[in-house]
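# What the coordinates show
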Amino acid sequence: MANSNAVVSSSFWRGCTDTVDLVTGWTSTSARPCCQFSSDRQYLSKTTRLKFRNLPRCGFSESRRRKDARTKSEIGTGRHVISLSGGSMPRRFGEFSQQRRKSNLLINAAYISPPGAPTDSMYDPVSDSSEHFELEKESPKRESLINAGLIVRLVLEEKRSLAIVFLSLVFGTTCTLSMPIFSGRFFETLIGVRKQPMYSLLLKLFVVYLMEPVCTVVFVTNMIRIWEKVMKELRFQVFQRVLIQKVEFFDEHKVGELTSLLSTDLNAIKDIVNENVARDRGFRSFSEVCGTVVILFVLSPELAPVMSVLMISIAGIVAIYKRTTMPVFKAHGLSMARISDLVGETFSAIRTVRSFGGERRQTSMFQSQVLAYQESGNKLGWLKAANESWTRVVVYVALMALYILGGAKVNAGELPVGRMVSFIGYTFTLTFAMQGLVNTLADLRGAFAAVDRINTIIGTGKVDESLALGLELDMSEDHAKSVEKSSNGIFSNTSRATSTDEDKLGPRTTVCDLAWSGDVALEDVHFAYPSRLDAEVLKGINIILKSGTVTALVGSSGSGKSTIVQLLARFYEPTKGRITLGGEDVRKFDKTDWARAVSIVNQEPVLFAMSIGENIAYGAPFREVSTDEIVKAAEAANAHDFIQSLPEGYNTMVGERGSLLSGGQRQRVAIARALLKDAPILILDEATSSLDSVSERLVQDALDILMKGRTTLVIAHRLSTVQAAHQIVVCGEGRILETGTHLDLLSKKGTYANLVQTQRVSFE
Ligand SMILES: Nc1ncnc2c1ncn2[C@@H]1O[C@H](COP(=O)(O)OP(=O)(O)OP(=O)(O)O)[C@@H](O)[C@H]1O
């Protein structure tokens with residue numbers, strides 16, 4: 001009950017110029033889910049507290065064959081298919097669509113349930129003879145997104161680089177392993193045991209010393225090149241896979257958790273090569289260990305076992321060290337994560353901190369966390385020191401044994417002195433290589449853990465197949481050329497949507513075309529959020545949004561208005577009943593197509609951290625947008641003047657989530673974006689409720705223009721703003737209580753009349 005504004009004009013509505021006297025309304029206290037797909041983040045951050053429980057494994061898949069959307073008559077003849085997609089997920093979009101195409105060759109209609117069919121339980125196709133259903137078999141096992149097969153396939157795509165890596169590894173290791181032999185010979189030449197000119201030996205040494213770094217450079221650059229390419233592909237696939245999850249996936253997982261998949265976890269996989277290309281790590285150390293052992297046994301079968309004991313001891317010590325330090329390492333990492341969280345939270349909420357004088361509290365929290373970090377760092381230091389000293393002790397013991405045994409053999413003339421020197425050299429080579437190998441294994445373990453985290457998190461979700469297919473087609477259209485070039489793109493050659501597919505599937509403008517003339521209807525819609533399946537939020541909603549008219553949705557807080565918006569936006573699908581466009585179930589349409597047909601402007605529109613011009617152009621991300629178009633949209637949205645007054649005009653950066661603009665300015669930029677989108681269906685979810693009267697006037701004028709000729713649904717708590725709607729629908733506890741015009745409903749003296757009366761009294 002917070003807002004009180006001056007008299008507002010209801011010219012908000014197309015063709016209506018009445019002035020209304022009801023000016024006071026509620027202030028929504030609930031965080032209204034924002035619905036435009038660009039605003040997901042905002043919504044998600046508000047709903048992250050909601051957790052999934054017992055998410056059903058079976059659900060109806062909703063993808064469609066675009067062909068069916070071509071014409072109404074074609075749609076009418078389409079076959080219906082239930083897809084029990086459950087937990088099985090495509091490895092990639094390409095594979096997904098390929099799988100679809102293969103398994104559904106006979107299918108020429110969308111994967112929808114018939115009207116009234118329960119959509120979260122198994123529909124019995126046999127019992128329903130009037131509809132033609134097919135059951136799509138559920139894949140028995142859940143496939144991991146990142147698996148050995150995928151990585152091997154990606155690596156093998158770089159055959160040339162792999163061959164170079166192999167050769168440089170062999171040559172580099174040969175150079176490294178020949179060095180102790182040359183040292184021995186050098187010593188022998190020096191003391192005159194070996195009759196060889198010194199310069200010839202030095203020349204050979206020179207070549208070895210020159211070749212080793214050259215081989216290292218070739219090895220490292222090629223290894224990194226291969227791995228960067230693999231990582232690019234993995235990043236792309238993880239991002240895409242997260243992007244196409246159903247909305248409930250984002251209800252379940254925190255944004256930070258998902259971000260860390262793409263940063264921390266993928267970096268851990270990346271480090272497996274980046275951190276292990278050095279001489280004493282990874283493949284290099286492995287090849288050195290193997291080479292050294294062979295050479296040691298060739299040089300002296302008697303002394304080699306001593307070295308073997310040394311090797312095993314070092315490996316054991318390093319392995320024990322790694323195991324014992326794991327919890328300390330974890331604690332150290334956790335302390336750092338806590339510090340990062342605190343820093344992020346403090347600075348992002350700096351105004352709140354300041355307004356509560358919370359600096360002291362934040363500082364002391366920071367201090368205690370830094371202290372914890374310091375303590376775990378100290379513990380790690382002790383463990384590192386212990387590891388270093390024990391390793392050294394083992395090396396020195398082995399060297400002592402070597403000196404004693406080897407020295408005796410040299411004295412007895414059983415071992416040339418040069419070999420003894422070489423042996424000592426190999427001792428060090430083996431020590432470092434062994435240590436490096438164990439470290440690499442530890443890194444591998446970290447990388448496996450990261451892969452497991454990624455697969456587990458992504459594995460808990462369900463791909464929104466309709467969205468996936470639409471996105472694939474979009475991308476194959478937009479990036480046909482670049483995708484063509486890249487055989488390892490997300491759409492493989494075999495699975496890519498081809499122009500032939502496109503011909504079959506029909507033109508992409510179909511949904512928008514249909515939406516410009518067809519009514520949108522909610523038919524007996526029931527819905528429960530996947531996170532709270534036992535609480536039915538909508539209980540049989542029937543609304544018809546007549547084409548080109550304005551429907552207002554009013555009702556008490558929590559009655560389900562925003563939920564209806566979310567279903568219209570297809571963030572979720574009804575658990576029962578259906579939503580139709582021009583008589584056709586909307587689940588027949590890809591979600592990307594549907595997104596083009598629906599514009600949503602809500603209370604807190606989210607802008608992206610880019611320029612104003614770019615934000616407006618985001619309204620039409622599928623095509624090039626000219627500056628003229630942007631300016632025209634801004635003018636129609638009453639935004640041009642304020643944009644012009646900014647120092648950098650349309651190039652002004654709006655800051656994170658548009659924080660550098662005022663609420664009214666943000667709203668008008670969002671309206672310009674929606675104008676440019678030019679979608680036939682418009683949803684205004686409390687679009688003006690957070691504005692002052694001046695901004696509200698400007699925004700409403702812009703909305704008047706935006707609503708012209710569009711099928712519009714408006715949610716408003718302030719009833720003064722909805723009086724002129726063609727129909728007003730009153731919601732209560734998930735049901736429709738009343739429907740009619742303002743005057744109809746007033747004369748009924750029912751819920752709406754009471755709401756109007758309450759608002760009038762509270763204003764007075
Ligand atoms: N993501 C969600 N997961 C689970 N339950 C939800 C979710 N979002 C909303 N709800 C529940 O659904 C019910 C209807 O909420 P909804 O936001 O649709 O109401 P509303 O009429 O728009 O309310 P208001 O006018 O206050 O915004 C509420 O009981 C709410 O707790």
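Residues numbered from 1 in each chain as written. Predicted model: local features only at pLDDT ≥ 70, side-chain atom pairs only at ≥ 80, totals over all residues. Heavy atoms only, no water.

For clarity, the threshold we go by: UniProt positions are given in the numbering used here, feature names are shortened, and annotations may be inferred rather than shown by experiment.
Going by an unreviewed UniProt entry, the protein carries the name ABC transporter B family member 28 and comes from Marchantia polymorpha. Taken directly from UniProt, the Subcellular location (unreviewed entry) text for the protein runs: "Mitochondrion inner membrane".

### A few points about the overall build of the protein
Defined as follows: Helix and strand assignments follow DSSP, with helices taken as H or I runs no shorter than four residues and strands as E runs no shorter than two, numbered in order from the N terminus. Accessibility here uses a 1.4 Å probe with only protein chains present; expressed as a share of the type maximum, an area under 20% marks a residue as buried, one over 50% as exposed, and anything in between as partly exposed. Contacts are residue-level and defined by heavy atoms, with any inter-residue pair within 4.5 Å sufficient. With residues, only the protein chains shown are counted as cover, and all accessible areas are computed by Shrake-Rupley using a 1.4 Å probe.
On a plain count of helices and strands, the protein comes out with 26 helices and 14 strands. Counting across all 764 residues of the protein, residues that qualify as buried make up 53%. Excluding contacts between residues fewer than 6 apart, the proportion of contacts in the protein whose partners are at least 24 apart in sequence is 79%. Surface accessibility of the protein: about 35,100 Å² in total, with carbon and sulfur atoms responsible for 60%.

### Some thoughts on the sheet that holds strand β14 (residues 735–740)
Stated formally: Two strands qualify as a pair provided that DSSP identifies no fewer than 2 bridges between them. Helix axes use the C-alpha atoms of the stretch in contact, all axes being lines fitted to C-alpha atoms, and the angles between their N-to-C directions lie in the range 0 to 180 degrees.
Taken in spatial order, the 6 strands make up an open sheet running β10-β11-β12-β7-β13-β14, and their pairing is mixed. Across the chains shown, the open sheet's two edge strands, defined by having one partner strand only, are β10 (598–602) and β14. For this sheet, the mean inter-axis angle between neighbouring strands, taken without regard to orientation, is 20 degrees. Two elements, strand β13 (residues 727–732) and β14, share 5 bridges in a ladder whose sense is antiparallel.

### Some thoughts on the UniProt feature "transmembrane region" (unreviewed entry) in the protein
Mapped onto this numbering, the UniProt entry gives "transmembrane region" (unreviewed entry) at residues 162–182, 202–227, 289–321, 389–408 and 420–438. In residues 202–227, the share of helix is 100% and the share of strand is 0%. The end C-alpha atoms are 37 Å apart.

### Some words on a nonpolar patch on the surface
As a reminder, the rule being used: Put simply, a patch holds well-exposed residues, over 30% relative accessible area, that have no salt bridge, with like charges counted together within 9 Å and Val, Leu, Ile, Met, Phe, Trp or Tyr side chains within 5 Å. Salt bridge, as used here: a side-chain nitrogen of Lys or Arg that lies within 4 Å of a carboxyl oxygen of Asp or Glu.
A surface patch of nonpolar side chains, about 530 Å² in accessible area, is lined by Phe186, Phe187, Leu190, Ile191, Val193 and Leu202. The dominant element in the nonpolar patch, judged by the number of residues it contributes, is helix α5 (residues 159–190), at 3 residues. Turning to its location among the elements, leucine 202 is positioned in helix α6 (residues 198–243). Among the residues examined, leucine 202 registers a relative accessible area of 43% and is labelled partly exposed.

### A short note on the layout of surface pockets
Which entries qualify depends on this criterion: Any residue with an atom within 4 Å of a point lines the site, the site being either a cavity, points on a 1 Å grid over the protein atoms alone where a 1.4 Å probe fits but cannot get out, or a pocket, an open set with protein on both sides within 12 Å along at least 5 of 7 lines. Grid points are joined across faces, edges and corners, and a volume is the space filled by probe spheres set on the points. Side-chain classes are defined by residue name, with Ala, Val, Leu, Ile, Met, Phe, Trp, Tyr, Cys and Pro counting as nonpolar, Asp, Glu, Lys and Arg as charged, and the others, Gly among them, as polar.
In this structure, the second largest pocket spans a volume of roughly 750 Å³. Those elements that place two or more of their residues in the lining of the second largest pocket are α4 (148–156), α5, α6, α8 (255–274), α9 (282–299) and α13 (417–460). Looking at the lining of the second largest pocket, the element that brings in the most residues is α13, giving 7 residues. For the lining of the second largest pocket, the residue count by class is 24 nonpolar, 4 polar and no charged.

### Notes on the pattern of salt bridges
Under the criterion given, the structure shown has 14 salt bridges. Notably, a salt bridge pairs glutamate 158 with arginine 225, separated by 3.1 Å at the nearest N-O pair. Of the two residues, glutamate 158 is situated in the loop between α4 and α5 and arginine 225 in helix α6; the sequence distance between them amounts to 67 residues. A salt bridge links aspartate 519 to lysine 546, with the nearest nitrogen and oxygen atoms 3.3 Å apart. A residue pair is termed long-range when its members are at least 10 positions apart, and aspartate 519 in the loop between α17 (510–517) and β5 (520–528) and lysine 546 in the loop between β6 (536–545) and β7 (550–555) qualify at 27 residues. Look at aspartate 519 and you get partly exposed, because its relative accessible area is 27%. Lysine 546 sits in the partly exposed class, given a relative accessible area of 46%. Salt bridges here are not isolated pairs; linked through shared partners, they connect Glu158, Arg225 and Lys229.

### Remarks on the sheet that holds β6
Strand order across the open sheet formed by 4 strands is β6-β5-β8-β9, with antiparallel pairing between neighbours. Of all strands in the sheet, those bounded by a partner on one side alone are β6 and β9 (584–585). Here 2 bridges tie strand β8 (residues 576–581) to β9, and the two strands are oriented antiparallel to one another. Across the sheet, residue leucine 581 finds its bridge partner in β9, namely glutamate 584. Lying on the sheet, helix α18 (residues 561–568) is in contact with β5, β6 and β8; it crosses β6 at an angle near 65 degrees.

### Points about the packing of aromatic side chains
The following threshold applies: Two rings from Phe, Tyr or Trp (for Trp, the six-membered ring) form a pair when their centres are within 6.5 Å of each other. A pair whose planes differ by under 30 degrees is stacked, one over 60 is edge-to-face, and the rest are tilted.
Inspection of the entire model under this criterion finds 6 aromatic pairs. Judged by centre distance (5.1 Å) and plane angle (85 degrees), the ring pair of tyrosine 529 and tyrosine 572 falls under edge-to-face. Residue tyrosine 529 is found in the loop between β5 and β6, and its partner tyrosine 572 is found in the loop between α18 and β8; the two are separated by 43 residues along the sequence. This pair shows no difference in class: tyrosine 529 is buried, exactly as tyrosine 572 is. Note on phenylalanine 608 and tyrosine 618: the rings are 4.5 Å apart at their centroids and 45 degrees apart in plane angle, and the pair reads as tilted. Placement of phenylalanine 608 in the loop between β10 and α20 (612–617) and of tyrosine 618 in the loop between α20 and α21 (627–636) is noted, with a sequence separation of 10 residues between them.

### Regarding the nonpolar core
The line we're drawing: To define a nonpolar core, start from buried Ala, Val, Leu, Ile, Met, Phe, Trp, Tyr and Cys residues and group those joined through side-chain atoms within 4.5 Å.
Membership of the largest hydrophobic core comes to 46 residues, with the highest contact counts inside it found for Ile616, Ile671, Val722, Ile728 and Tyr752. Of all the elements, helix α23 (residues 663–677) adds the most residues to this core, at 6 residues. With near-sequence residues (within four places) excluded, isoleucine 728 lies in contact with Ala552, Val554, Val722, Gln723, Glu738, Thr739, Gly740, Thr741, His742, Leu745 and Tyr752. Counting 36 residues, the second largest nonpolar core, distinct from the first, contains Val520, Val565, Phe571 and Leu713.

### A closer look at α18
For α18, the tally of buried residues reaches 8 of 8 residues, placing the bulk of the element in the interior. Immediately beyond the C-terminal end of α18, within one or two residues, lies arginine 570, with a positive phi of roughly 65 degrees.

### Thoughts on the pairing of β13
With 6 of its 6 residues buried, β13 lies for the most part within the structure. Relative to β13, β7 is paired through 5 bridges, and the arrangement is parallel. From the neighbouring strand, valine 554 faces β13, where its bridge partner is valine 730. The antiparallel hairpin formed by β13 and β14 contains 2 residues in its connecting segment, where glutamate 733 sits at a positive phi of about 50 degrees.

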